[in-house]
Amino acid sequence: MWKTLKQFYKAFQAYKKSEMGDFALLKFDAIASIYPPEIISELQPLAGYHPRIDLEELSRYPQGTLGREYAEHMKANHIQPLNISPELEEVARRNAFVLRYIVTHDIFHVLLGFDTSYAGEMGVLAFNVAQNSSQLLKISFWLARFLYPIFAPWQFKAISANLKKGQAMGKKADFLLSYRFEEHWSEPIDQVRKRLGLPSLSSRILVNV
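Read on for a plain summary of the structure. Owing to the predicted nature of the structure, the values given are computational and were not obtained by experimental measurement.

What about the environment of L177?
Okay, step 1: Within the secondary structure, L177 is located in the loop between α10 (156-172) and α11 (189-195).
Okay, step 2: For the pair L177 and Q131, spaced 46 residues apart in sequence, the C-alpha separation works out to 9.0 Å.
Okay, step 3: If near-sequence neighbours (up to four positions away) are discounted, L177 is found in contact with L43, L46, F97, R100, Y101, T104, F108 and N128.

Written as structure tokens, this is what we have:
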């Protein structure tokens, strides 16, 4: 109990410093969760893997590349990458699932074509739940199904539609959390989508708000 409280205190200190990557890592690491052995095994090679993301550098990649599309998404939505401080290396190595879930979240938005509205967040969450059986994500998913329509009732249809689309894509695609996106910034985004078993955005219609 004391260890958990200390972890939350550290997370709060990171939040005060606007170190949002550290805040997210410490917060989720403090929440006890059980991960299937196969997921732990698959993510073990990525324990501690979190190359620093520089949006200005990615903005210089050609149009249509993963890096450029990601940078434009982040800038358009006024979001900063959730970079992790070297001081948290031990935590990053200990909890590979939380690490990759945090640093890849906005990359998922870009690849899946979901915006940052409640409906878009539901699509990404549904995709992740379909890809693994983490208790933490399952709880988040069921809370979102209940709360998102309350927070944004005008998005109810979009939330329901994106939930189904996210689940369908998650069941068909490769396990995205184990992919080293940071080594493929310069590749065409549709090429990356195809490699991972994701449909081209031009071949489907997403319900965004």
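So, the pattern of salt bridges
Okay, step 1: Considering all chains together, one arrives at nine salt bridges under this definition.
Okay, step 2: Measuring nitrogen to oxygen at the nearest pair gives 2.8 Å for the salt bridge that ties E72 to R68. Of this pair, E72 and R68 both sit in helix α5 (residues 66-76), four residues apart, roughly one helical turn.
Okay, step 3: Owing to a relative accessible area of 32%, E72 belongs among the partly exposed residues under this scheme.
Okay, step 4: Each of the salt bridges in this network shares a partner with another, and the network as a whole consists of D29, E90 and R94.

Description of the environment of R52
Okay, step 1: Its location among the elements puts R52 in the loop between α3 (37-43) and α4 (55-58).
Okay, step 2: The exposure class of R52 is exposed, given its relative accessible area of 68%.
Okay, step 3: A C-alpha to C-alpha distance of 8.9 Å links R52 and L82, two positions 30 residues apart in sequence.

Some details on the packing of helix α8 (residues 118-131) against helix α9 (residues 135-151)
Okay, step 1: Between α8 and α9, the shortest axis-to-axis distance is 10 Å and the interhelical angle comes to 160°. The angle between α8 and α9 falls in the class roughly antiparallel. In this structure, the crossing between α8 and α9 has a hand that is left-handed. Across the interface between the two elements, Y118, E121, M122, L125, A126, N128 and V129 of α8 pack against L137, S140, F141, A144, R145, Y148 and F151 of α9.
Okay, step 2: Taken together, the residues of the contact of α8 with α9 sort by class into 10 nonpolar, two polar and two charged.

Points about unusual backbone geometry
Okay, step 1: Positive phi values are uncommon outside glycine, yet S18 reaches one of about 65°.
Okay, step 2: Phi at H78 takes a positive value of approximately 55°, unusual for a residue other than glycine.
Okay, step 3: With respect to the helices and strands, H78 occurs in the loop between α5 and α6 (89-94).
Okay, step 4: The exposure class assigned to H78 is exposed, which follows from its relative accessible area of 75%.

A few points about the packing of helix α7 (residues 96-112) against α8
Okay, step 1: At a closest axis distance of 10 Å, the pairing of α7 and α8 adopts a crossing angle of 115°. With respect to α8, the element α7 is oriented roughly perpendicular. The crossing of α7 and α8 is right-handed. Across from Y101, H105, F108, H109 and L112 in α7, the residues of α8 making contact are G120, E121, V124, L125, F127 and N128.
Okay, step 2: Along the lines of polarity and charge, the residues of the contact of α7 with α8 split into six nonpolar, four polar and one charged.

Concerning the side chain of D29
Okay, step 1: Residue position: D29 is located in helix α2 (residues 20-30).
Okay, step 2: Here R94 takes part through its side chain, which lies 2.2 Å from a polar atom of the side chain of D29.
Okay, step 3: Contacts of D29, omitting those with residues within four sequence positions, involve Q7, V91, R94, N95 and V98.

Focus: the packing of aromatic side chains
Okay, step 1: Applying the stated rule across the entire model yields nine aromatic pairs.
Okay, step 2: On the numbers, 5.9 Å between centres and 90° between planes, the contact of F108 with F127 is edge-to-face. In this pair, F108 is assigned in helix α7 and F127 in helix α8, connecting sequence segments 19 residues apart. F127 carries the same exposure label as F108, and that label is buried.
Okay, step 3: In textbook terms, an aromatic cluster arises when at least three aromatic residues are bridged by ring pairs, as seen for F108, F127, Y179 and F181.
Okay, step 4: Lying across the ring of Y49, R180 places its NZ or CZ 4.4 Å from the centre.

Cut-offs and rules
Residues numbered from 1 in each chain as written. Predicted model: local features only at pLDDT ≥ 70, side-chain atom pairs only at ≥ 80, totals over all residues. Heavy atoms only, no water. Helix = DSSP H or I, 4+ residues; strand = E, 2+ residues; numbered from the N terminus. Contact = heavy atoms within 4.5 Å. Salt bridge = Lys/Arg side-chain N within 4 Å of Asp/Glu carboxyl O. Buried < 20%, exposed > 50% of the residue type's maximum accessible area, 1.4 Å probe, protein only. Axes fitted to C-alpha atoms, helices over the stretch in contact; angles between N-to-C directions. Parallel < 35°, antiparallel > 145°, perpendicular 65-115°, else oblique. Left-handed = near helix turned anticlockwise from the far one by under 90°. Nonpolar A, V, L, I, M, F, W, Y, C, P; charged D, E, K, R; others polar. Polar contact = N/O pair within 3.5 Å; in protein donor to acceptor, adjacent residues only side chain to side chain. Phe/Tyr/Trp six-rings, centres within 6.5 Å; stacked < 30°, edge-to-face > 60°. Lys NZ or Arg CZ within 6 Å of the ring centre and 35° of its normal.

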